[in-house]
Amino acid sequence: MTTTTINASAEIASRGSLRSAAILAGGFALFTLALHVICSIYGSRLGYGFFRDELYFLVCGHHLDWGYVDQPPLVALQARISETLFGLSPTGIRILSFAAGAVKVGLTGLLAWQLGGRRRAQALAMMAALAAPVFLVADNYLSMNSWEPCFWMGSLLVLLRIAEGSLSPRWWLLFGLLAGLGIENKDSTVFFLVALLLGLLATSQRRLLWSGWVAAGIAVIFLVVLPNFWWQWQHHWPTYELLNNIAHSDKNTKLPPLAFLLQQANMLLIFSAPLWIGGLVWLALARHAKAWRFVAVTYLVFLAMMMAMHAKDYYVAPMYPVLFAAGAVAFVQVTRPNRWRWPAYAYSAILAIFMVVATIPIGLTVLPPQHYSAWAAHFGANKTRTEKFSSPLPQYLSDRFGWEEMAQGFAARYNALPLEDRAKTGIFCGNYGEASAVNVFASKYGLPVAISGHQNYFYWGWHGYTGESMLTLGDNREDYLKSYEEVIDLGAFDAPWIMDHEHHHYFLLKHRKKSYAAEWPEFKYWY
């Protein structure tokens, strides 16, 4: 029996029953789900509406496909299922994302159990995951980011159990399914899997790779991602083109290495930094953690990848549940020799207090927007932006305002046109947020379909519009005079708390000089 196996066996003996761990994890998960539902309902009463990307995902859900310019297919399917089951409301379409947040918190507790932690360690780890601002924010609206940690940590939990011998090698099939679904949810999962492979190769657990079941698991991954791969190939790799455009633009904020590292602590709650940093050190150096050493290497490799590519800081977030779990196990091990029980509970209580007074008010929709900045200032709320766009509130809140008012503005101007003009009038929008707002609210306000060249709207085309009569939002009348014979300013669009770049004017564009069909390739805007 190898030393690694002996250490893993010792952890198995010390951690208690899976049933007990699952019950505790289930309790935390239910609390997480209830928290998100209640805060979302309350936020709707305060005026917080659909988030920009949610509107786009809803439209993608009505154009189901094996791929999209800017995302794999799962988030569109999630939007379609949510709308079908729970209705078209901000809270309804978010139910599955709320559930993902609950699963992530529960998985953190199960990871702590897997690493040898008993109830104190499990509770501390889950409290840290629940209190982390980056997770509360990501799980509070429909997005790819909510399910991403679930696929990563779910596959990692399977691998940890294979590594210790609790699961047979045939469970690589489940690993492959979760990893494949992770890629179909968000492309960054590929980099996680590369980092995981390097982590295994760099440690003694490379032995796990010499099994036929590993090949079977890899085959499952390829089967799951094959439809999206085929879509990308048929469309000449649009996602790569988009990412290349962004990489050579000023859209995203590029943080230097030290600032990137500091952002990791900020987005996870500064008071939990000793926990996840301690977890990383424990995984990397502790004798009892030798069986899990590859996890530390995986994190460090993935972190280096993201820093080298100038990725957004939160792209590393899905890795932290396992570090919280490891840190909680290490914390309890340090205090256990003296039979101290209170430090783990005290640490959990501190995290709970800051979650209530800081993370929830700053990250969720519980503060009236007019009071948000004053409250956030008490805690020195993180002002670092991941993109160049500015707003009166953080982007994840400001982008929930103004969309229905925008659609109402289009409706008022559309209905003011003579009846014969309405029949040939369409709507063109400069970005997917505006176009999707029109299309989501179109049936409510009697609007024609909005078109755009932004992201996947380019593939959906010009909807038969010739450009004879179009409504649009823009900044200057002069921007349209080269393409239209007549441009009429129909007044300003404005709404409180919206993104700064969404303050526009409505224009009526008449008699396009060249049809959309003739010039549509020029409208492609992948940015």
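Residues numbered from 1 in each chain as written. Predicted model: local features only at pLDDT ≥ 70, side-chain atom pairs only at ≥ 80, totals over all residues. Heavy atoms only, no water.

**Side note on the packing of helix 2 (residues 18–45) against helix 6 (residues 95–114)**
Filter applied, for reference: Note on geometry: axes are C-alpha line fits, over the in-contact stretch for helices, and angles between N-to-C directions span 0 to 180 degrees. Each helix is a run of DSSP H or I of at least 4 residues and each strand a run of E of at least 2, with the numbering of both proceeding from the N terminus. For classification, angles of less than 35 degrees are called roughly parallel, those exceeding 145 degrees roughly antiparallel, those between 65 and 115 degrees roughly perpendicular, and all remaining angles oblique. Should the near helix be turned counterclockwise from the far one by less than a right angle, the crossing is left-handed, whereas a clockwise turn marks it as right-handed. Whether two residues are in contact is decided by their heavy atoms, any of which lying within 4.5 Å being enough. Charged means Asp, Glu, Lys or Arg here, nonpolar means Ala, Val, Leu, Ile, Met, Phe, Trp, Tyr, Cys or Pro, and polar covers whatever is left, Gly included.
Look at helix 2 against helix 6: their axes get within 8 Å of each other, and the N-to-C directions meet at 150 degrees. With respect to helix 6, the element helix 2 is oriented roughly antiparallel. Crossing of helix 2 over helix 6 shows right-handed handedness. Side by side, helix 2 and helix 6 meet where Leu18, Ala21, Ala22, Ala25, Phe28, Ala29, Thr32, Leu33, His36, Val37 and Ser40 of the first sit next to Ile95, Phe98, Ala99, Gly101, Ala102, Val105, Gly106, Leu110 and Trp113 of the second. Partitioning the contact of helix 2 with helix 6 into residue classes produces 15 nonpolar, five polar and no charged.

**Let's talk about the packing of aromatic side chains**
Cut-off, in case you're wondering: Two rings belonging to Phe, Tyr or Trp (six-membered ring only in the last case) form a pair when the distance between their centres is within 6.5 Å. Interplanar angles under 30 degrees mark stacking, angles over 60 mark edge-to-face geometry, and anything in between is tilted. Burial classes follow relative accessibility: with a 1.4 Å probe on protein chains only, a residue under 20% of its type's maximum area counts as buried, one over 50% as exposed, and anything between as partly exposed. By definition, being over a ring means that NZ of Lys or CZ of Arg is both within 6 Å of the ring centre and within 35 degrees of the ring normal.
In total, this model carries 35 aromatic pairs according to the counting rule given. With 5.0 Å between their ring centres and 75 degrees between their planes, Trp276 and Tyr320 make a pair best called edge-to-face. Highlighted residues: Trp276 in helix 15 (residues 273–285) and Tyr320 in helix 17 (residues 320–335), separated in sequence by 44 residues. Here Trp276 and Tyr320 have matching classes, each one buried. Stacked on the ring of Tyr527, the Lys or Arg Lys251 has its end atom at 5.6 Å from the ring centre. Its guanidinium or amino end placed over the ring of Trp526, Lys524 lies 4.4 Å from that ring's centre, counting from NZ or CZ.

**Quick look at a nonpolar patch on the surface**
In plain terms, the rule: Within the patch definition used here, like charges are joined within 9 Å and nonpolar side chains (Val, Leu, Ile, Met, Phe, Trp, Tyr) within 5 Å, considering only residues with over 30% relative accessible area and no salt bridge. Residue exposure ignores everything except the shown protein chains as possible cover, and the areas themselves are Shrake-Rupley values with a 1.4 Å probe. Salt bridges, as used here, are contacts in which a Lys or Arg side-chain nitrogen is within 4 Å of a carboxyl oxygen on Asp or Glu.
A contiguous nonpolar patch, built from Val190, Phe191, Val194, Leu197, Leu198, Leu201, Trp210 and Met309 and spanning about 720 Å² of accessible area, is present on the exposed surface. Position of Val194 relative to the elements: it lies in helix 11 (residues 189–201).

**With respect to the packing of helix 14 (residues 257–268) against helix 16 (residues 293–308)**
Contact pair helix 14 / helix 16: the axes reach a minimum separation of 10 Å and the direction vectors enclose 125 degrees. By the angle between their directions, the pair helix 14 and helix 16 is classed as oblique. The hand of the helix 14/helix 16 crossing is right-handed. Along the contact surface, helix 14 presents Pro257, Phe260 and Leu261, while helix 16 presents Leu303, Met306 and Met307. Counted by class, the contact of helix 14 with helix 16 contains six nonpolar, no polar and no charged residues.

**Remarks on the pattern of salt bridges**
Applying the stated criterion to the full structure yields nine salt bridges. Between Arg52 and Glu502 there is a salt bridge, with its nearest N and O atoms 2.8 Å apart. Note that Arg52 is positioned in helix 3 (residues 52–61) and Glu502 in the loop between strand 4 (484–493) and strand 5 (504–512), a separation of 450 residues in sequence. Where Glu404 meets Lys444, a salt bridge forms, and the shortest distance between an N and an O atom there is 2.6 Å. With Glu404 in helix 21 (residues 403–415) and Lys444 in helix 24 (residues 442–445), this pair connects stretches of sequence that are 40 residues apart.

**Brief notes about the sheet that holds strand 4**
Picture the strands of a sheet paired through backbone hydrogen bonds; they go either parallel or antiparallel. Applicable threshold: Two strands pair under a simple rule: DSSP has to find at least two bridges between them.
Strand order in the open sheet formed by five strands is 2-1-3-5-4, and the pairing between neighbours is mixed. In this open sheet, the two strands that pair with only one neighbour each are strand 2 (450–451) and strand 4. When strand 1 (residues 425–428) meets strand 2, the two strands line up parallel, connected through two bridges. Bridge pairing links Ile427 to Ala450 in strand 2. With respect to the sheet, helix 21 is in contact with strand 1, strand 3 (469–474), strand 4 and strand 5, its orientation differing from that of strand 3 by roughly 145 degrees.

**Some points on the nonpolar core**
Defined as follows: By nonpolar core we mean a set of buried residues, namely Ala, Val, Leu, Ile, Met, Phe, Trp, Tyr and Cys, connected to one another through side-chain atoms within 4.5 Å.
Core analysis: the largest hydrophobic core is formed by 153 residues, its most contacted members being Trp282, Tyr320, Phe324 and Phe410. Among the elements that make up this core, the one with the highest residue count is helix 9 (residues 148–164) (11 residues). When neighbours within four sequence positions are excluded, Phe410 is seen to be in contact with Ile427, Cys429, Val438, Leu447, Leu471, Thr472, Leu473 and Tyr506. Counting 17 residues, the second-largest nonpolar core is a separate cluster that includes Val69, Phe458, Tyr480 and Trp526.

**A look at the confidence of the model for the chain**
Keep this limit in mind: pLDDT expresses, on a scale from 0 to 100, how confident the predictor is about each individual residue.
Chain-level pLDDT for the chain is 93 on average; 95% of the residues reach the 70-or-more range. Confidence drops under pLDDT 50 across residues 1–6; counting only partners more than four residues distant or on other chains, this segment forms six contacts.

**So, the environment of Ala358**
One can find Ala358 in helix 18 (residues 342–363). Sequence separation between Ala358 and His378 is 20 residues; the distance between their C-alpha atoms is 8.9 Å. Not counting chain neighbours up to four residues away, the residues in contact with Ala358 comprise Gly363 and Phe379.

**Considering unusual backbone geometry**
In this model, Leu269 sits at a positive phi of 85 degrees, which is unusual for a non-glycine residue. With respect to the helices and strands, Leu269 occurs in the loop between helix 14 and helix 15. A positive phi angle, close to 55 degrees, is found at His310, a residue other than glycine. Inspection of the secondary structure assignment puts His310 in the loop between helix 16 and helix 17.

**Points about the environment of His236**
Locating His236 in the fold gives a position in the loop between helix 12 (212–234) and helix 13 (238–247). Expressed as a C-alpha distance, the spacing of His236 and Gly26, which sit 210 residues apart in the sequence, is 44 Å.

**Quick notes on helix 16**
We apply this condition: To estimate the expected span of a helix, count its residues, drop one, and scale the result by 1.5 Å.
Between its first and last C-alpha, helix 16 extends 23 Å over 16 residues, near the 22 Å set by a 1.5 Å rise per residue. Turning to helix 16, its buried residues number three or more, namely Arg293, Phe294, Val295, Ala296, Thr298, Tyr299, Phe302, Leu303, Met305 and Met306. Each element contacted by the buried residues of helix 16 is listed here: helix 9, helix 11, helix 14, helix 15 and helix 17. Directly after helix 16, the chain includes His310, whose backbone phi takes a positive value near 55 degrees.

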